Amino acid sequence: MPQPTRILLTLLLLGSAGPALAGDDNLMKQLDVDVFETDAGGDAPDWEIPPAGVDVDDEAVDAEPDADLDPAPVDSLDDDPPGDMALIAGPSEDPPEDLRPSKPPPAKAPTGGAVAGPLDTSGKTPLKDNFDARVVSKDIDAVVVELPVLVARSATTWSGGDYWLVAEFSVAGSKVGEARHLVTKAAIADLAPTVAFLKAQVPVVANSGAVEVKVSQLVDGTSAKQLFSRKVDYRL
């Protein structure tokens, strides 16, 4: 039997039978030895024997609880939560930034567009009136006109020095714009045909009409050589 249990049982027996055992010295000595003898054979602790008639269990029950063991009062559910609990976001609050689903990246704007095929240059002579002029854009009182000009069929068939291709744009007999394209040996493709696209935005005064394009060749130190002219109709 464990030592604390033996001591408590002995104290209970002494409390209830103390007067009957008071006159028997031998029995008291035997009980004293038995009670205070430790399991390890050491000295008996200095325990005070409670006086006769004292119920140990009743005294322990009636004693005031230790202040250190008194549980803290429980706050009602209506009270505000502790500070560390208040930091937890409720269901109705927005989640933290790192827990929110990331937004999809914005769609990239499309680049480029439909690629037009090459111009049909078969059987055509460079620097001649081979292609139509066309209106490629328009605004409230202006149009953009473009005219392709074949410069060379290939690098092997091209001969000549550097020069400028000049396009003059006229509306109702008045010059309203000009475009220039420099032709050099480095600008000639080896195998593919080389085409200069002469383009300019020109103002117009009527809702419909025609734009004339005059193309000339200009070599430094010489006067411009007229090559051909084209007209294109427009409507705003």
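Think of each chain on its own: its residues are numbered from 1, step by step along the sequence as written. Reporting in this predicted model follows two pLDDT cut-offs: at least 70 for local features of residues, and 80 or more for side-chain atom pairs to be given and counted; totals over whole chains, interfaces and linings ignore these cut-offs and use all residues. Side-chain figures throughout are based on the complete set of non-hydrogen atoms in the structure, without hydrogens or water.

Peer 1: Is there a simple way to explain unusual backbone geometry in this structure?
Peer 2: Peptide bonds are mostly trans, and most non-glycine residues show a negative phi. For L127, which is not glycine, the phi dihedral falls at a positive 60°. To qualify as a helix, a DSSP run of H or I must reach at least 4 residues; to qualify as a strand, a run of E must reach at least 2; elements of each kind are numbered from the N terminus. Along the chain, L127 falls in the loop between α4 (83–86) and β1 (134–138). Judged by its relative accessible area of 17%, L127 is buried. One non-glycine residue, A172, lies in the positive phi region at around 55°. Along the chain, the position of A172 falls in the loop between β3 (163–171) and β4 (174–183). Look at A172 and you get exposed, because its relative accessible area is 79%. Relative accessibility decides the category of a residue: with a 1.4 Å probe and only protein chains considered, values under 20% of the type maximum give buried, values over 50% give exposed, and everything between is partly exposed.

Peer 1: Please clarify how the sheet that holds strand β2 (residues 142–152) should be interpreted in this entry.
Peer 2: Consider a sheet: its strands pair through backbone hydrogen bonds, and that pairing is either parallel or antiparallel. Strands pair, by our definition, only if DSSP identifies at least two bridges between them. The 3 strands lie next to each other as β1-β2-β5, forming an open sheet whose pairing is antiparallel. Sheet topology places β1 and β5 (194–203) at the edges, where each strand pairs with a single neighbour. In this sheet, neighbouring strand axes are inclined to one another by 30° on average, regardless of whether the strands run parallel or antiparallel. As defined by bridge partners, β2 adjoins β5 across 10 bridges and the pair is classed as antiparallel. Residue pairing for β5: V144 is matched across the bridge by Q201. To get an axis, a line is fitted to the C-alpha atoms, and for a helix only the part in contact is used. The angle between two axes follows their N-to-C directions and goes from 0 to 180 degrees.

Peer 1: Would you mind going over the nonpolar core with me for this structure?
Peer 2: Proteins that are soluble and globular tend to have nonpolar side chains buried together. Only buried Ala, Val, Leu, Ile, Met, Phe, Trp, Tyr and Cys residues count toward a nonpolar core, and they belong to the same one when joined by side-chain atoms within 4.5 Å. Counting 28 residues, the largest nonpolar core has V145, V149, V151, L165, F169, V211 and V215 as its most contacted members. Looking at this core, the elements that each hand over two or more residues are β2, β3, β4, β5, β6 (208–218) and β7 (225–235). It is β2 that contributes the most residues to this core, 6 residues altogether. In this analysis, two residues are considered to be in contact whenever any of their non-hydrogen atoms come within 4.5 Å of each other. Setting aside anything within four residues of it in sequence, one finds V151 in contact with P126, L127, W158, Y163, L165, V183, I188, T194, V195 and A196.

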